[in-house]
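Residues per chain are reported as follows:
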Amino acid sequence: MIDVYTNYNGLKKFIEKIKIPSHCIFCEGIDLTIKEPKHHPSYEITTACNLNCIFCYSNVALKNKTAPKPGYYGSLNPTAITISQYGEPLLIGCEKLAYIIERLKERFGDVRIDLQTNGIFLEMDRLDGLVDIVMVSLDGFGENYVKLTGVNAFDKVVGVLNDVANADCVGVVRSIHMPGINDDDLVKIAKMCDEIGIDEFFLQPISIYKENKEKLLKAGLKVNRAESLIEFFKTAMEIQNNADVNVKVPGCILVNFRQLMQKYEFEDLMFLNRNSIATASPTIRREWRFVIEL
Ligand code: SF4
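What counts, and at which threshold
Residues numbered from 1 in each chain as written. Predicted model: local features only at pLDDT ≥ 70, side-chain atom pairs only at ≥ 80, totals over all residues. Heavy atoms only, no water. Helix = DSSP H or I, 4+ residues; strand = E, 2+ residues; numbered from the N terminus. Rg over C-alpha atoms; globule rule 2.2 N^0.38 Å. Buried < 20%, exposed > 50% of the residue type's maximum accessible area, 1.4 Å probe, protein only. Contact = heavy atoms within 4.5 Å. Areas by Shrake-Rupley, 256 points an atom, 1.4 Å probe, with all protein chains shown as cover. Lys, Arg positive; Asp, Glu negative; His and termini not counted. Charge placed at Lys NZ, Arg CZ, Asp CG, Glu CD. Phe/Tyr/Trp six-rings, centres within 6.5 Å; stacked < 30°, edge-to-face > 60°. Axes fitted to C-alpha atoms, helices over the stretch in contact; angles between N-to-C directions. Left-handed = near helix turned anticlockwise from the far one by under 90°. Near = heavy atom within 4 Å. Nonpolar A, V, L, I, M, F, W, Y, C, P; charged D, E, K, R; others polar. Salt bridge = Lys/Arg side-chain N within 4 Å of Asp/Glu carboxyl O. Parallel < 35°, antiparallel > 145°, perpendicular 65-115°, else oblique. Pairing = 2+ DSSP bridges. Right-handed = clockwise from strand over helix to strand, strands pointing away.

Caption draft 1: The overall build of the protein chain, seen in detail. Secondary structure assignment for the protein chain yields 11 helices and 9 strands. Compactness check: the protein chain gives a C-alpha radius of gyration of 19 Å against a globular reference of 19 Å for 294 residues, within 12% of the reference. Reported as C-alpha extents along the three principal axes, the dimensions of the protein chain are approximately 55 × 45 × 40 Å. A total of 294 residues make up the protein chain; the buried ones form 52% of that total. Pairs at least 24 apart in sequence give 80% of the contacts found in the protein chain among residues at least 6 apart. Put simply, the protein chain shows about 14,000 Å² of open surface, and 48% of that area lies on carbon and sulfur atoms. Taking the 34 positively charged and 39 negatively charged side chains of the protein chain as two groups, their mean positions are separated by 6 Å.

Caption draft 2: Quick look at the environment of Val164. Tracing the backbone shows Val164 in helix 6 (residues 154-166). Along the chain, Val164 and Val60 lie 104 residues apart, while their C-alpha atoms are 29 Å from each other. Dropping the residues within four chain positions of it, Val164 is found in contact with Leu122, Met124, Val134, Val136, Cys169, Gly171 and Ile198.

Caption draft 3: Focus on the packing of aromatic side chains. With the rule as written, the count across this model stands at 10 aromatic pairs. Geometrically, the ring pair formed by Tyr57 and Tyr86 is edge-to-face, given 5.2 Å between the ring centres and 85° between the ring planes. Highlighted residues: Tyr57 in helix 2 (residues 57-63) and Tyr86 in the loop between strand 3 (80-83) and helix 3 (94-108), separated in sequence by 29 residues. Here Phe233 and Phe257 contribute two aromatic rings whose centre-to-centre distance is 4.8 Å and whose plane-to-plane angle is 55°, an arrangement assigned as tilted. Taken together, the residues span a long stretch of sequence, with Phe233 in helix 10 (residues 229-242) and Phe257 in helix 11 (residues 251-263) at a distance of 24 residues. With respect to burial, Phe233 and Phe257 carry one shared label: buried.

Caption draft 4: Up close: the packing of helix 10 against helix 11. For the pair helix 10 and helix 11, interaxial distance at closest approach is 12 Å and the crossing angle is 115°. Relative to helix 11, helix 10 is oriented so that their crossing is left-handed. On helix 11, the residues that touch Leu229, Ile230 and Phe233 of helix 10 are Ile253, Leu254 and Phe257.

Caption draft 5: Highlighting the site of the ligand. Around the ligand lies a shell formed by His23, Cys24, Cys27, Ile30, His39, Pro250 and Cys252. Of the residues belonging to the shell around the ligand, the class tally is 5 nonpolar, 2 polar and no charged.

Caption draft 6: Layout of the pattern of salt bridges. Summed over the entire model, instances satisfying the criterion amount to 11 salt bridges. One salt bridge in this structure joins Glu238 and Lys234, with 2.7 Å as the shortest N-O distance. Of this pair, Glu238 and Lys234 both sit in helix 10, 4 residues apart, which is roughly one turn of the helix. Assessed through its relative accessible area of 12%, Lys234 is described here as buried. Look at the salt bridges and you will find they share partners, linking Glu95, Glu123 and Arg126 into a network.

Caption draft 7: Just the packing of helix 7 (residues 183-196) against helix 10, in detail. For the pair helix 7 and helix 10, the least separation of the axes is 9 Å and the interaxial angle reads 40°. As summarised for this structure, helix 7 and helix 10 are arranged oblique, according to the angle between their axes. In the packing of helix 7 onto helix 10, the handedness of the crossing is right-handed. Of the residues in helix 10, those in contact with Leu186, Val187, Ala190 and Lys191 of helix 7 are Thr235, Ile239 and Asn242. Of the residues belonging to the contact of helix 7 with helix 10, the class tally is 4 nonpolar, 2 polar and 1 charged.

Caption draft 8: Molecular detail of the environment of Ala48. Within the secondary structure, Ala48 is located in the loop between strand 1 (42-44) and helix 2. With a relative accessible area of 34%, Ala48 lands in the partly exposed category. When near neighbours in sequence (up to four residues on either side) are disregarded, Ala48 contacts Gly87, Glu88 and Leu91.

Caption draft 9: Representation of the pairing of strand 7 (residues 200-205) within the structure. Summarising burial for strand 7: 5 of the 6 residues are buried, a large majority. Sheet topology places strand 6 (residues 170-177) next to strand 7; 6 bridges connect them, and they run parallel. The partner of Arg174 across the bridge, within strand 7, is Phe202. Handedness of the crossover joining strand 6 and strand 7 through helix 7 is recorded here as right-handed. Pairing of strand 7 with strand 8 (residues 246-248) involves 3 bridges; the strand directions are parallel. If you follow Phe201 over to strand 8, its bridge partner there is Val247.

Distances and angles like these do not, on their own, reveal function.
If you want it as structure tokens, here you go:
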């Protein structure tokens, strides 16, 4: 179990000081006055993917027929658009993606474009100047990457991260916190981000869907640790203590936790859990608006 008691002051300060991730700025999730906040608008391209990650929610949505059709979802007055929340957007290739972004910018003006990708097909020179934030998923280091994704592409992704670091955008590596599975990998990934010059390391808590649960348990996931919010923040702090990279956690979790810190003694939050077991199939709650024909 975690040793928070001896160092809870350090943890408290870490949670107070840590900054909101670039990707979360302008998201309703960080506005505590909104009762049912929605994620930024997104442009969905495909639900297909070239990887087969053991925690993937796109696969679950596909199986349950709740996966989104291609197109734009959300407010027609966006400040930021995520491409995309499901599947691997670069399966269509960088040229077609560049075309879609250009059309989105034509329609919405100077909107921030956040690309979420596994990085394998990313050619930064073809997207340079079009994307503002590039978030590359990396959940395991070396051999563990292969075990978690089913594909031997770790070195390829590392090469791409170098290109992201040198491009004119905010470079982010996003890792899912899977206690019992990737504990040792997270610090290694964060140290590598520091060496490469990646701007942010974004630690994301895992959502466990019943369709993935058996695979995750077999791989060693410790569900009680995955549910503990303090364990999550402690992991983020340990990564920050070991790597000179900006460690970030989801803005919505951060602002809500800080609000609780205003109301309760920090010691009273030690045993606060999040429900990591997802009960509903993943779906987009924003309205579908249009699709850009290719
Ligand atoms: S992590 Fe939360 S705050 Fe950040 S973009 Fe997603 S929903 Fe919004």
